[in-house]
Amino acid sequence: EFDFDGNPRKMPFSRALKLSGGLLLILDESCAVLTRIWNCFEVSLAMEERDKWRWGKPFLLDVAAVEYDDQAHLITDGLVPAEQRMERMMGLLAKGQREAGFPIRILDQAMQMDVASAHASAAKDKTKLLNSLRLPWAKTRMLLQDAPDSDPSYEAVSRAMREKMGAANLLSSMARDFRTEHYAGLNTDPQISAPLYGGLPRHEVSRIIN
């Protein structure tokens, strides 16, 4: 049983997550998990680990949802094995086509994730978790201080989720409406119009393509 009076970063679930190869986030139609502060904290830990490599592999954050017909859809970090065996651009297009089936209403709701407004059963839990986001190296007693209503660290987690889901939506749109000139433009034209980026930061689009 977890000791909720302790430091959330030292709890068994936090340690287990960091030792795993990734996190699978399963969303229902209401995206209720993203309105709970404990789930948001787990996502934040996954975001922290994404840029780290363990055993020669990156930490993965995949997102799953089920459509009305009970068909599962998955947004993955990177390509799945079958896509990896294709030529790079064909693999990206296959990924985009696969992820195009992800329910758009769930994707839109996931992009509304707001850590600061997430709920907790106990107010003290939310206080500690928000402070842990702000002060990752803080001792447990420091986490009991009042947490501010807003902080760049909260927004960083929410923004990372928006960028991940927005990037998947962009790649799916490119796969549906692919044109040779679009591919050439993404790689060579520094003046490419903003609408094709879907409002995403240029570095996020570059990460997808490259």
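Quick note: structure is the one above.
Reference entry: report on the structure contained in this document. Since this is a predicted model, take the numbers as computed values, not measurements.

**A short note on the packing of helix H4 (residues 88-99) against helix H7 (residues 152-176)**
For step 1, the next point in the chain: Running from N to C, H4 and H7 cross one another at 105 degrees; their axes reach a closest spacing of 7 Å. Considering the angle they form, H4 stands roughly perpendicular to H7. Along the contact surface, H4 presents Leu-92, Leu-93, Lys-95, Gly-96, Gln-97 and Glu-99, while H7 presents Ala-168, Leu-171, Ser-172, Met-174 and Ala-175.
For step 2, the next point in the chain: Grouping the constituent residues of the contact of H4 with H7 by class yields six nonpolar, three polar and two charged.

**Some details on a nonpolar patch on the surface**
For step 1, the next point in the chain: A cluster of nonpolar side chains, namely Leu-24, Ile-26 and Leu-74, defines an oily patch on the protein surface of about 270 Å² accessible area.
For step 2, the next point in the chain: With respect to the helices and strands, Ile-26 occurs in strand E1 (residues 22-27).
For step 3, the next point in the chain: Given a relative accessible area of 55%, Ile-26 falls into the exposed group.

**Quick look at the sheet that holds strand E4 (residues 60-66)**
For step 1, the next point in the chain: Pairing is mixed across the open sheet formed by three strands, whose spatial order is E1-E4-E5. Since the sheet does not close on itself, it has two edges, and those belong to E1 and strand E5 (72-75), each with one partner. Pairwise comparison of adjacent strand axes, ignoring direction, gives a mean angle of 25 degrees for this sheet.
For step 2, the next point in the chain: Strand contacts of helix H2 (residues 37-50): E1 and E4, with the helix running at about 140 degrees to E1, the strand carrying the most contacts.

**Some thoughts on the side chain of Asp-77**
For step 1, the next point in the chain: Note on placement: Asp-77 falls in the loop between E5 and helix H3 (81-84).
For step 2, the next point in the chain: A polar contact of 2.8 Å, which involves the side chain of Asp-77, links it to the backbone nitrogen of Leu-61.
For step 3, the next point in the chain: Residues in contact with Asp-77, not counting those within four places in the same chain, are Arg-50, Phe-59, Leu-60, Leu-61, Asp-62 and Lys-164.

**Comments concerning the nonpolar core**
For step 1, the next point in the chain: With 36 residues, the main nonpolar core has Leu-27, Val-43, Phe-102, Met-113, Val-115 and Met-165 as its most contacted residues.
For step 2, the next point in the chain: Elements with a minimum of two residues in this core: helix H1 (12-19), E1, H2, E4, helix H5 (104-110), helix H6 (123-134) and H7.
For step 3, the next point in the chain: Examining the composition of this core, we find that seven residues originate from one element, H2, more than from any other.
For step 4, the next point in the chain: Among all residues touching Phe-102, those that are not within four sequence positions of it are Val-63, Ala-64, Ala-65, His-73, Leu-74, Ile-75, Leu-107 and Met-165.

**Some thoughts on the pattern of salt bridges**
For step 1, the next point in the chain: Counted by the stated rule, this structure contains eight salt bridges.
For step 2, the next point in the chain: Of the charged contacts in the structure, one is a salt bridge between Arg-105 and Glu-29, with a shortest N-O distance of 3.9 Å. Taken together, the residues span a long stretch of sequence, with Arg-105 in helix H5 and Glu-29 in the loop between E1 and H2 at a distance of 76 residues.
For step 3, the next point in the chain: Here the salt bridges share partners, and the residues they tie into one network are Glu-83, Lys-95, Arg-98 and Glu-99.

**Quick word on H6**
For step 1, the next point in the chain: Between its first and last C-alpha atoms H6 spans 17 Å; for twelve residues at 1.5 Å apiece the expected length is 16 Å, and the two agree.
For step 2, the next point in the chain: Taken together, the buried positions of H6 are Asp-125, Lys-128, Leu-129, Leu-130, Asn-131, Ser-132 and Leu-133.
For step 3, the next point in the chain: Buried residues belonging to H6 abut H2 and H7.

Reading the values: the criteria
Residue numbers run consecutively from 1 along every chain, following the written order of its sequence. Since the coordinates come from a predicted model, pLDDT governs what is reported: local features require at least 70, and pairs of side-chain atoms require 80 or more to be given and counted, while whole-chain, interface and lining totals use all residues. To get the side-chain values, take all heavy atoms of the structure and skip hydrogens and water. Between N-to-C directions, angles span 0 to 180 degrees; the directions come from axes that are lines fitted to C-alpha atoms, helices contributing only their stretch in contact. Helix numbering and strand numbering both begin at the N terminus, where a helix is a DSSP run of H or I of at least 4 residues and a strand a DSSP run of E of at least 2. Should an angle fall under 35 degrees it is taken as roughly parallel, and over 145 as roughly antiparallel, whereas 65 to 115 is taken as roughly perpendicular and any remaining angle as oblique. Contacts: residue pairs with any heavy atoms within 4.5 Å of one another. Each residue is assigned to one of three groups, with Ala, Val, Leu, Ile, Met, Phe, Trp, Tyr, Cys and Pro labelled nonpolar, Asp, Glu, Lys and Arg labelled charged, and all others, Gly among them, labelled polar. Patch membership requires more than 30% relative accessible area and the absence of a salt bridge. Residues of like charge join within 9 Å; the nonpolar side chains Val, Leu, Ile, Met, Phe, Trp and Tyr join within 5 Å. Each accessible area value is a Shrake-Rupley result obtained with a 1.4 Å probe; residue values ignore everything except the protein chains displayed when judging cover. Any carboxyl oxygen of Asp or Glu that lies within 4 Å of a side-chain nitrogen of Lys or Arg is treated as forming a salt bridge with it. To sort residues, take the accessible area from a 1.4 Å probe on protein chains only and compare it with the maximum for the residue type: under 20% means buried, over 50% means exposed, and anything in between is partly exposed. Strands pair, by our definition, only if DSSP identifies at least two bridges between them. Polar contact is defined as a pair of N or O atoms within 3.5 Å, subject to the rule that within protein one atom must be able to donate a hydrogen and the other to accept it, and that residues adjacent in sequence are counted only when both atoms are side-chain atoms. Definition of nonpolar core: a set of buried residues of the types Ala, Val, Leu, Ile, Met, Phe, Trp, Tyr and Cys, connected through side-chain atoms within 4.5 Å. In this scheme, a helix's expected span is set at 1.5 Å multiplied by one less than its residue total.

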